[in-house]
Amino acid sequence: MILVLTLSALLILFCIAFQDFKERKVYWFLFPSLGLNLSVLYFSTVPVVEIFWLNILLNSLIISLVLLSIFLVTKILFKKPFLDYSFGLGDLLFFYAMALGFPTITFIVLFANALLFAFIVFLVLKKYQKIKTVPLAGLMSIFLFLVLSISIFIQEPSLYTY
């Protein structure tokens, strides 16, 4: 079952990355599908249900604080619109979908590294792209795709160890 869920998550991540790079628009239903898939995958590894809910709550709180910070900087400092100008709705939905799938410490490490990966790849690829916006959800999907792919073959340490 875990392998099927992982392969399903990989397929969804591929679709998100493909659509984000191709059109900078991703079908909205992919994000709840990813969130549900990742949360079921994580839930199947947790010995205590309360730990699952606590980690989901903490991860969501972290994402909310990050988004609040970005919102305030965008609105107050730069005086620009937030959604669909500085930050895409798909990126926001991807953040929350990712928050549903991992223990808090793993989530923080994956989230930070996914952002770093997206930043570095965008810097390298920006001169080759016609559209100058960052496909953040797509780049983070590629990162998570790589991590989940590797986790299929390397079982220890597990992504779900906390």
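Please refer to the structure placed before this passage.
For clarity, every value in this text was computed on a predicted model and none was experimentally measured.

*Asks:* Before we go on, may I ask you to explain the side chain of S39 in this structure?
*Replies:* Structurally, S39 is set in helix α2 (residues 30–43). Its relative accessible area of 12% is what places S39 among the buried residues. Once residues lying within four places of it in the same chain are set aside, the contact partners of S39 are F52, L100 and G101.

*Asks:* Would you mind going over the nonpolar core with me for this structure?
*Replies:* Soluble, globular proteins show a tendency: their nonpolar side chains are buried together. In terms of nonpolar packing, the biggest core is built from 43 residues, with L34, F94, M98, F102, M140, L144 and L148 touching the most fellow members. Among the elements of the structure, α1 (2–23), α2, α3 (49–77), α4 (89–99), α5 (104–125) and α6 (136–153) are those that each provide at least two residues to this core. If you tally residues by element for this core, the top one is α6, at 8 residues. Setting aside its immediate chain neighbours within four residues, L34 contacts A9, I12, L13, I16, F94 and A97.

*Asks:* Help me understand the packing of aromatic side chains, please; the structure alone is not making it clear to me.
*Replies:* Given two aromatic rings, one states the distance between the centres and the angle between the planes to describe the pair. All told, the structure shown has 14 aromatic pairs when counted by the stated rule. For the pair F14 and F18, a centre-to-centre distance of 6.2 Å together with 20° between the ring planes defines the contact as stacked. You can see F14 and its partner F18 sitting in helix α1, 4 residues apart, about one turn around the helix. Relative to F111, the ring of F95 lies with its centre 4.8 Å away and its plane at 85°, an arrangement referred to as edge-to-face. Here F111 lies in helix α5 and F95 lies in helix α4, a separation of 16 residues in the sequence. You'll find F95 and F111 in the same group, each marked buried.

*Asks:* Looking at this structure, I do not really get the layout of surface pockets. What am I missing?
*Replies:* Over the atoms a probe the size of a water molecule is rolled, and this reveals where empty space is left. What the largest pocket holds in volume is close to 730 Å³. If you trace the largest pocket, you find 27 residues lining it, with F87, G88, D91, V134 and L136 closest to the centre. Those elements that place two or more of their residues in the lining of the largest pocket are α4, α5 and α6. Looking at the lining of the largest pocket residue by residue, the class counts come to 18 nonpolar, 4 polar and 5 charged. Computed from the structure, the second largest pocket encloses a volume of approximately 240 Å³. Around the second largest pocket, the lining comprises 13 residues; the ones closest to its centre are I2, T6, S151, Q155 and Y160. For the lining of the second largest pocket, the secondary structure elements donating two or more residues are α1 and α6. For the lining of the second largest pocket, the residue count by class is 8 nonpolar, 5 polar and no charged.

*Asks:* It is not clear to me how the packing of α4 against α6 should be interpreted in this structure. Could you clarify?
*Replies:* Relative orientation and spacing of two packed helices are given, respectively, by the angle between their axes and the distance between those axes. Running from amino to carboxyl end, α4 crosses α6 at an angle of 30°, the nearest separation of the two axes being 8 Å. In this view, α4 runs roughly parallel relative to α6, as classed from their interaxial angle. The residues of α6 that touch α4, namely those facing G90, D91, F94, F95 and M98, are L136, A137, M140, S141 and L144. Split by residue class, the contact of α4 with α6 holds 7 nonpolar, 2 polar and 1 charged.

Conventions used here
Residues numbered from 1 in each chain as written. Predicted model: local features only at pLDDT ≥ 70, side-chain atom pairs only at ≥ 80, totals over all residues. Heavy atoms only, no water. Helix = DSSP H or I, 4+ residues; strand = E, 2+ residues; numbered from the N terminus. Buried < 20%, exposed > 50% of the residue type's maximum accessible area, 1.4 Å probe, protein only. Contact = heavy atoms within 4.5 Å. Core = buried A, V, L, I, M, F, W, Y, C linked by side-chain atoms within 4.5 Å. Phe/Tyr/Trp six-rings, centres within 6.5 Å; stacked < 30°, edge-to-face > 60°. 1 Å grid on protein atoms, 1.4 Å probe; cavity = no way out; pocket = protein on both sides within 12 Å on 5 of 7 lines; lining within 4 Å. Points joined across faces, edges and corners; volume = space filled by probe spheres on them. Nonpolar A, V, L, I, M, F, W, Y, C, P; charged D, E, K, R; others polar. Axes fitted to C-alpha atoms, helices over the stretch in contact; angles between N-to-C directions. Parallel < 35°, antiparallel > 145°, perpendicular 65-115°, else oblique.

On their own, these measurements won't tell you what the molecule is for.
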